[in-house]
Amino acid sequence: MKSCGWTHCFLETVKECLTNLSCFSFFLVAIFFYSFYYAWPYTAQLPDHISTVVVDLDNTPISRELIRGLQAVSQIDVKGVSNNPDTAIRDLKNGKFTTLITIPNGFMKDAITGVPTALELVSNGAFIVKARSSIAGAAGPLQEIASTAIAVQLIKQGVPISTIAASANKPPAVIFQPMYNTVSGYLNFAVPIVFCIIFQTVTLAGVGTLINEWFCAKQMPFPLVRAIQSLPYLFALYLPFFCILLFWTLFIEGASFAWHGINSFQNIPATLATCVFLSMAVCALALVIAFAFKRANYAVQTVVLTSLPCVFITGDLFPLQNIPDYMNIIAFFIPSTPAVHAMLRASQAGASIGQIMPHLLHLLGLTVFYLTIAYLIARTYRNDYEVISSPYSLKTVKGQTILSSK
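Everything in this summary refers to the structure shown in the same document. (Residues numbered from 1 in each chain as written. Predicted model: local features only at pLDDT ≥ 70, side-chain atom pairs only at ≥ 80, totals over all residues. Heavy atoms only, no water.)

**Re empty space enclosed by the protein**
Piece 1. Applying the stated criterion to the full structure yields 3 cavities of 30 Å³ or more.
Piece 2. What the largest cavity holds in volume is close to 60 Å³.
Piece 3. Among the elements of the structure, α2 (24-37), α8 (186-216) and α10 (231-260) are those that each provide at least two residues to the lining of the largest cavity.
Piece 4. Looking at the lining of the largest cavity, the element that brings in the most residues is α10, giving 4 residues.
Piece 5. Taken together, the residues of the lining of the largest cavity sort by class into 8 nonpolar, 1 polar and no charged. (1 Å grid on protein atoms, 1.4 Å probe; cavity = no way out; pocket = protein on both sides within 12 Å on 5 of 7 lines; lining within 4 Å. Points joined across faces, edges and corners; volume = space filled by probe spheres on them. Helix = DSSP H or I, 4+ residues; strand = E, 2+ residues; numbered from the N terminus. Nonpolar A, V, L, I, M, F, W, Y, C, P; charged D, E, K, R; others polar.)

This is how it looks when you write it as structure tokens:
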């Protein structure tokens, strides 16, 4: 019988990950493909009919002319006009509309006397792509309408046309302010978040597919037999998955993000630590899911269906206060949650290891927790006929094979 030692178990698992037709696409192709494909569907688009409420704190002919102009353009759907900013902000938080335009007090006076003035454009920001496109879609028409309203009022006051023409080239400024996701950036914010979910989803699917196939094989492969029977061999099974995922996290955070112009490795030691702890926790969870499903072919389906919710329950792309408490409890046990918090701060913002230590300890705790569960599940399979009758069984090697009925 060929050697079935710890090193051979590790190498055999690596070989299966990279050559097995059922799962090599997860370990070799998927993340590389995503690294170049992912940003394509998210090109900026300007929507029509942006639901908007106008808060008129000026209540002058210019402000009323501005509101009438906003109501006339197709890009902006004015849901109402208010003079109570607190009520409007509350309705914006509750999702009754997506954009809030505020005409400040003294707008007309400043506009006709040449004093620099501005309109305030506030977006909810809970959905980052929608928020950015709403702001972009409303800003252009808003400045154009404001310039027209000011010009109409100046004409009524008998201001010379030459003066009006000169002022038309200097429309009021528009101040953009998202209520949430104030960075209002996609490449340097949302993409790193989603890639943490991609790392997790692809790894869980790949490990689940491989181990499911091993459980269903006519003769159970020796890496799985040994992992079920011995804790050191369980680590020999776990380590290849960890190494492969660590390689891809470093590739994405390094070469891929550099190619796309995304901020990364702003703090090298902290980013490396995050990649390591992320890989540890995700692979530990992957073993639990793979062992739990065993021969049931539902691991991939379950992982894929839960990947999108994992993006939002991290609390970074969607307001944490809007997430139900029970979902926050679930999020606590998902490695992508602390991984996203740590990765954004370390790789994109340059936080130190000390500053992200709570998130790293969270990932370490999840690693220990899930490896313990994986070990306990594996113990329940030790007396399975396929395990004790395998020629690779540790009991067989020692001449102590135990026969069991099917």
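**Concerning helix α4 (residues 85-93)**
Piece 1. Within the sequence span of α4, burial applies to Ala88, Asp91 and Leu92. For α4, the angular spread of buried residues about the axis comes to 105 degrees, placing them on one side. Exposed side of α4, more than 90 degrees from the buried face: Asp86 and Lys93 are the residues found there.
Piece 2. Tucked inside the fold, the buried residues of α4 contact β1 (50-56), β3 (99-103) and β4 (118-123).
Piece 3. Just downstream of α4, Gly95 is the residue with a positive phi angle, here 80 degrees. (Buried < 20%, exposed > 50% of the residue type's maximum accessible area, 1.4 Å probe, protein only. Arc of directions from axis to C-beta. Contact = heavy atoms within 4.5 Å.)

**Considerations on the packing of helix α14 (residues 336-348) against helix α15 (residues 357-379)**
Describing two packed helices takes the angle between their axes plus the distance from one axis to the other.
Piece 1. Where α14 contacts α15, the axes come no closer than 9 Å and their chain directions differ by 145 degrees. Crossing handedness for the pair α14 and α15: left-handed. Residues Pro338, Ala339, His341, Ala342 and Arg345 of α14 pack against His359, His362, Leu363 and Leu366 of α15.
Piece 2. Here the contact of α14 with α15 is built from residues that sort into 5 nonpolar, 3 polar and 1 charged. (Axes fitted to C-alpha atoms, helices over the stretch in contact; angles between N-to-C directions. Left-handed = near helix turned anticlockwise from the far one by under 90°.)

**Here's the deal with the packing of helix α9 (residues 222-229) against α10**
Piece 1. It is the contact of α9 with α10, at a shortest axis distance of 6 Å, that shows an interaxial angle of 135 degrees. Between α9 and α10, the interaxial angle falls into the category oblique. The handedness of the crossing between α9 and α10 is left-handed. For the pair α9 and α10, the contacting residues are Arg226, Ala227 and Gln229 in the first and Leu231, Tyr233, Leu234 and Leu237 in the second.
Piece 2. Among the residues making up the contact of α9 with α10, the classes are represented as 5 nonpolar, 1 polar and 1 charged. (Parallel < 35°, antiparallel > 145°, perpendicular 65-115°, else oblique.)

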